[in-house]
Amino acid sequence: MARILSGIKPTGNLTLGNYIGALKHFKDFQDSGEVYIFIADLHALTLPIDPEFLRNNIRDLAAFYLASGLDPKKATIFTQSSVPEHAELNAILQNYLYMGELSRMTQFKEKSKNMKDSAIGLGLFAYPVLMAADIVLYDADIVPVGEDQIQHVEITRDVVNRINKRYGKDTLVLPNYKINKVGARIMSLSDPTVKMSKSDPKGDIFLRDDMKTVRKKIMSAVTDLGSEVKYDKENKPGISNLLTIYASIKEVSIEEAEAHFVGYRYGDFKREVADAVVAELELFQQRYQQIIDSKEYLPVLREGAARAKLIASKTLKRVQNAVGLLDIDND
Ligand code: ATP
Ligand code: LTN
C-alpha cells in the first residue's frame, strides 16, 4: 500500500491557494493509501512569529485538516514537534546536504532576499533538510504538494540517492511529488503574476474570510484587456487564474470551464466564480467552527503523534544503524 505524506506550515491564515493546491486533495488518498498529514510547526519557526499567533495557527490548521474531510480513523494527523524523531533525523541528514545547493533553493532566495545576513536564521537556510527528514521518516512514496514545493521534494530525492548509494539501497525510500493537473499554483487576485501566499496577504482569499469579503475580493480581482473568458496565462493571467479557481472547485478541466463560460461578460463570469467559492467555503467554515469549539482536534493530534512515532522511530533506528551509530540496547 502506498504511503502518502504531506504537511503545511502554520504561519498564518490559510489561503484559497493552500486549499486548492494542497489541503483539498489530501483526503483523496485516504481510501487507497496510508496517509500521514502533519502540521509543520517547527518549519513555522524559520521566520519570526509571535508565540500566541503560532499556537492559534496550529489549532486552526488541525481544524482545517479535519474540516477538509480527512478522517482521523484513516489518516494519521499530527504535529511535527510532537514526534521528536523529525529533529533527530534532521541532525543526521544535515550532513548530506550542502551549502551550495541549499543557497540555490528558490524559497530560500525569495524569503531571504530582503533580509540582512545577520538576520537570516540557520533554520531558514536549512529548511529543506528538515523537510527531507519529514518525508523519509515515514518511508513516503507520494508527497502531494503545490508547485512551489516541487524543488523541496527534488532535493529530498537527491539526499535519498546520496545516502542509499553510500549505505545501501534500502536505507531510505525514494519519494515522488504529486501535483494537481489544475490549481497547483493559484495566483494573487490583485496581481496575477505572483503566487497567492499566506505571508503576503494582498490579493488573497483566506479560508476564514466572511462570505461577503470573499465575494468582494473575487468581484474586484484584476482582470485583463479584452472581453472573452479564455485561458491564456501569458496574455490573460487574471482571467486564467479565475478559471483555474473555478475548475478546481468544481472539479472539472480547464477546457470544460472555458466551454461553460463561452459568451459570458467578465462581470457575470466573476459572479459565478464567487458563487462556486462561497458554496464550497461556507460548508467548510461551519465544520471548522464546530471543530474549534469542541476541541475535537486535540485527541486527534494526540493519537496521531502516537501512531506517527511508531513508524518514525523504526526509520530513525534504521538510519542510525546504517550510518554507524551504536545501538546500545542491541549491540
Ligand atoms: P508562506 O507564505 O508562509 O510561505 P504558503 O502560503 O506558500 O506559505 P505553505 O505552507 O508554504 O503556504 O504551503 C502549504 C501548501 O500549499 C504547499 O503544498 C504549497 O505548495 C501549497 N500552496 C501554497 N500556495 C499555493 C498557491 N498559491 N497555489 C497552489 N498551492 C499553493
Ligand atoms: N514546505 C512545506 C511544508 C512541509 C512539507 C513537508 C510538505 C514541511 N515538510 C514534508 C510536504 C512534505 C510547505 O508547505 N511550504
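Going by the structure above, here's the rest.
Computed from a predicted structure; not experimentally measured. (Residues numbered from 1 in each chain as written. Chains lettered and ligands numbered in written order. Predicted model: local features only at pLDDT ≥ 70, side-chain atom pairs only at ≥ 80, totals over all residues. Heavy atoms only, no water.)

Engineer: Any details on the overall build of the protein chain? Residues and values, ideally.
Structural biologist: When you go through the protein chain residue by residue, the secondary structure sums to 13 helices and five strands. Computed over its C-alpha atoms, the radius of gyration of the protein chain comes to 21 Å, within 12% of the 20 Å expected for a compact globule of 331 residues. Principal axes of the C-alpha set define a box for the protein chain whose edges measure 75 × 45 × 40 Å. The buried share of the protein chain, taken over its 331 residues, is 51%. By sequence separation, contacts in the protein chain at least 24 residues apart represent 76% of the contacts at least 6 residues apart. Only carbon and sulfur atoms are counted for the fraction: they give 52% of the accessible area of the protein chain, which is about 16200 Å². Between the averaged position of the 44 positive side-chain charges in the protein chain and that of its 45 negative side-chain charges there is a distance of 2 Å. (Helix = DSSP H or I, 4+ residues; strand = E, 2+ residues; numbered from the N terminus. Rg over C-alpha atoms; globule rule 2.2 N^0.38 Å. Buried < 20%, exposed > 50% of the residue type's maximum accessible area, 1.4 Å probe, protein only. Contact = heavy atoms within 4.5 Å. Areas by Shrake-Rupley, 256 points an atom, 1.4 Å probe, with all protein chains shown as cover. Lys, Arg positive; Asp, Glu negative; His and termini not counted. Charge placed at Lys NZ, Arg CZ, Asp CG, Glu CD.)

Engineer: Explain the pattern of salt bridges to me, and be specific about the residues and the numbers.
Structural biologist: If you walk through the whole model with that rule in mind, you get 16 salt bridges. As a salt-bridge pair, Lys-309 and Glu-85 come within 3.1 Å of each other at their nearest N and O atoms. Here Lys-309 is found in helix H13 (residues 297-323), whereas its partner Glu-85 is found in helix H3 (residues 85-93), with 224 residues between them in sequence. The shortest N-O distance in the salt bridge between Asp-170 and Lys-169 comes to 3.6 Å. Residue Asp-170 shares its accessibility class with Lys-169, and that shared class is exposed. (Salt bridge = Lys/Arg side-chain N within 4 Å of Asp/Glu carboxyl O.)

Engineer: Please give an account of the site of ligand 2 that cites residues and values.
Structural biologist: Close to ligand 2 lie 14 residues; Lys-9, Tyr-127, Met-131, Asp-134 and Gln-149 are nearest. Here Asp-134 contributes a side-chain N or O atom positioned 2.6 Å from a nitrogen atom of ligand 2. Expressed as a share of its isolated accessible area of 360 Å², the protein-covered part of ligand 2 is 94%. Every element with two or more residues in the shell around ligand 2 is listed here: strand E1 (3-8) and helix H7 (127-136). Considering each element in turn, the shell around ligand 2 owes the most residues, four residues, to H7. (Near = heavy atom within 4 Å. Polar contact = N/O pair within 3.5 Å; in protein donor to acceptor, adjacent residues only side chain to side chain.)

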